[in-house]
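# Structural features, examined
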Amino acid sequence: MAIGTVASRVTGFLRLAMLVAVLGVGGVRQAFEVSNTLPNSLYDLLVGGVLASTLVPVLVQARAKDQDEAYVQRLLTLVLLALTGLTALTMVAAPALVRLYSTATDPAQLDLAVVWARFFLPQILFYGVSATVGAVLNTRGRFAAPVWAPVLNNVVVIATLALFVWAPGPRAVTPASLSVAQRVFLGVGTTLGVVAMTAALLPSLRASGFRWRFRLDVRGMGLRRLGRLAAWTFVYVLATQLAFLVLTRLATGVGQLPQYATAFLVWQLPYAVVAVSVITALLPRMSRHAVEGRLDLMRHDLDQGLRLSAVVLIPAALALVVLGQPVAVALFAHGQTTSAQADQIGSVLAVFALGLVPFSIYQVQSRAFYALGDTKTPALVQVLVSIAMVLVDVAASATLPAHVRIYGLAAGLVAANCVGAAITTTLVRRRLGSSRGEGPGADAGTRHSTIGALSRMTVAGLAGAATAAGAAAALIPLLPKGWRSAALVVALASVADLVVYGAVLLLLRVDEARSAITANARRSRRTPRDDGSVI
């Protein structure tokens, strides 16, 4: 599972890099982003939140009663029928949906977005089937296929983008010049990735012993109960999607959605690799302690999760602030994307980086409420977070010149996540109490308060980032412009950053750094020699 998750992230990043190189950040890419957003947003809004929040617990209960096969047969039938109808309606409404999400004024760009939307909207059906089958596999103890299936999706899209350059049509693509063959090739290939992801789950489902039959007897499935369970999750998703809708309209109005989307995906990568892994391990432990009524141990788990995430994310965030531009040039100044356009992506990434740690704190602390069986509190917090983002985005759009408006939109995300982190910190302390590193569950990792630990990590991170900035400032004038030089600057400055960060962590006696060194020392002492003995 861990290898599959890493493979999914790596191939997802390669997919993004290929997309930027092949389509650039102009009108064609913006049309692609708008049309590809539609199936994801509509699926999440209408059914995705319901399936994600309620399906696994309900299936577990049905399996405990030995009724899961009949239940899943009826559920899959219902999902297929409902999402087929929804897909057909959205394809008819594609022009209106594109106009809802985009305020671009170029008719060719809007027409291209509508064409691609009709290719992409059938993904709604396959997302729904994939989510349902994945939940069934998880309840049957089969975790590998759902983890690896997104890798296949990424590989198919990467292959599509690689072959796109051979499709008949102009090499320098614009919304008006894109040939019919190029439109169809990219539209079909992108949706085939989602189809392949869904199909990859079916052999594992069959191997689990499940056999699907078309069943329309949906009475007794507890659909009303499902709706009640998912109500607050729907509020959460609705608030998120409405804020995203506002952001998309504001960004497309100045032709800067591709820059925003590209920087956003790079910004999320450290969180996805570090914090999501911590959350995955943390949630079952906190849930067990919640069931036992051990709020002190829950608080300890949460503090430990925050520190483990922060020890990596703080230096990553500060490094992106000072190295955002060379990182973006190294990654994206290829093909249809110029160095100047990559520079702008890097500047947006640097703004986003300021919100990386608050976002992770917000997400980690929200899991405490889910562990307590409380879906209402995270939903209401997300409403406030979305309101904060919309207010900042609208204010930035009303006051900033068009060419720098994208930075104000990025600042809206940062402000919103700071609001989320502040509110959840207050609510968690009220619900669980404050941790002082004493009592049950206290250990070396909680000797200092979490705030103190985060402060020390921040000091170390600032020292490392200052070193990286100095190294970059010294190297850039000496090297020719281009992505190779940018990559060299990033590599050397990052090494300097890590060395200084680690040294300052040790000087400040941050427990996580000392524990990591101790653990590595123990492993090295147990390294086997060639003769079979251990060191």
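Report follows, based on the coordinates. (Residues numbered from 1 in each chain as written. Predicted model: local features only at pLDDT ≥ 70, side-chain atom pairs only at ≥ 80, totals over all residues. Heavy atoms only, no water.)

### Describing the packing of aromatic side chains
Counted under the stated rule, the structure contains 12 aromatic pairs. Both rings, one in Phe13 and one in Phe332, keep their centres 6.5 Å apart while their planes meet at 50°; by these two values the pair is tilted. Remark: Phe332 occurs in helix H12 (residues 295-332) and Phe13 occurs in helix H1 (residues 2-23); sequence separation between them is 319 residues. With a relative accessible area of 22%, Phe13 lands in the partly exposed category. Between Tyr43 and Tyr127, the ring centres sit 5.8 Å apart and the planes meet at 35°, which makes this aromatic pair tilted. Separated by 84 residues along the polypeptide, Tyr43 in helix H2 (residues 27-64) and Tyr127 in helix H6 (residues 123-139) bring together distant segments of the chain. Classification of Tyr43 as buried rests on a relative accessible area of 9%. (Phe/Tyr/Trp six-rings, centres within 6.5 Å; stacked < 30°, edge-to-face > 60°. Helix = DSSP H or I, 4+ residues; strand = E, 2+ residues; numbered from the N terminus. Buried < 20%, exposed > 50% of the residue type's maximum accessible area, 1.4 Å probe, protein only.)

### What about the pattern of salt bridges?
Overall, the coordinates contain 4 salt bridges when judged by the stated rule. Residue Glu33 pairs with Arg29 through a salt bridge whose shortest N-O separation is 2.8 Å. Of this pair, Glu33 and Arg29 both sit in helix H2, 4 residues apart, roughly one helical turn. Taking the relative accessible area as the measure of exposure, Arg29 reaches 0% and is therefore buried. One salt bridge in this structure joins Asp303 and Arg299, with 2.4 Å as the shortest N-O distance. Of the two residues, Asp303 and Arg299 both sit in helix H12, 4 residues apart, roughly one turn of that helix. On the basis of relative accessible area, Asp303 is assigned to the buried category, the value being 2%. (Salt bridge = Lys/Arg side-chain N within 4 Å of Asp/Glu carboxyl O.)

### Focus on the nonpolar core
Among the nonpolar cores identified, the biggest contains 129 residues, and Trp116 and Met457 are the most heavily contacted of them. If you tally residues by element for this core, the top one is H12, at 16 residues. (Core = buried A, V, L, I, M, F, W, Y, C linked by side-chain atoms within 4.5 Å.)

### A word on the environment of Leu245
Positionally, Leu245 belongs in helix H10 (residues 223-253). Note on Leu245: relative accessible area 15%, which makes it buried. In this structure the C-alpha to C-alpha distance between Leu245 and Ser102, which are 143 residues apart in sequence, comes to 8.9 Å. Excluding its chain neighbours within four sequence positions, the residues that come into contact with Leu245 are Leu100 and Tyr101. (Contact = heavy atoms within 4.5 Å.)

### Section: the packing of H12 against helix H16 (residues 405-432)
Following both chains from N to C, one finds H12 and H16 inclined at 150°, their axes separated by 10 Å at the closest point. With respect to H16, the axis of H12 lies roughly antiparallel. Between H12, through Leu295, Met298, Arg299 and Leu302, and H16, the contact on the second element is made entirely by Val428, Arg429, Arg431 and Leu432. When the residues that make up the contact of H12 with H16 are grouped by side-chain class, the tally is 5 nonpolar, no polar and 3 charged. (Axes fitted to C-alpha atoms, helices over the stretch in contact; angles between N-to-C directions. Parallel < 35°, antiparallel > 145°, perpendicular 65-115°, else oblique. Nonpolar A, V, L, I, M, F, W, Y, C, P; charged D, E, K, R; others polar.)

### Describing a nonpolar patch on the surface
A surface patch of nonpolar side chains, amounting to about 440 Å² of accessible area, comprises Leu163, Val165, Trp166 and Phe185. Topologically, Phe185 is positioned in helix H8 (residues 180-199). Among the residues examined, Phe185 registers a relative accessible area of 30% and is labelled partly exposed. (Patch = residues over 30% accessible without salt bridge, like charges linked within 9 Å, V, L, I, M, F, W, Y side chains within 5 Å. Areas by Shrake-Rupley, 256 points an atom, 1.4 Å probe, with all protein chains shown as cover.)

### Quick look at the packing of H12 against helix H17 (residues 450-475)
Across the interface, H12 lies against H17 with an axial gap of 8 Å and an inter-helix angle of 20°. Considering the angle they form, H12 stands roughly parallel to H17. Of the two possible hands of crossing, H12 and H17 adopt the one that is right-handed. Packed against H12, whose contacting residues are Asp303, Leu306, Arg307, Ala310, Val311, Ile314, Leu318, Val322 and Leu323, the element H17 presents Thr450, Ala453, Leu454, Met457, Thr458, Gly461, Leu462, Ala465, Ala468, Ala469 and Ala472 at the interface. (Left-handed = near helix turned anticlockwise from the far one by under 90°.)

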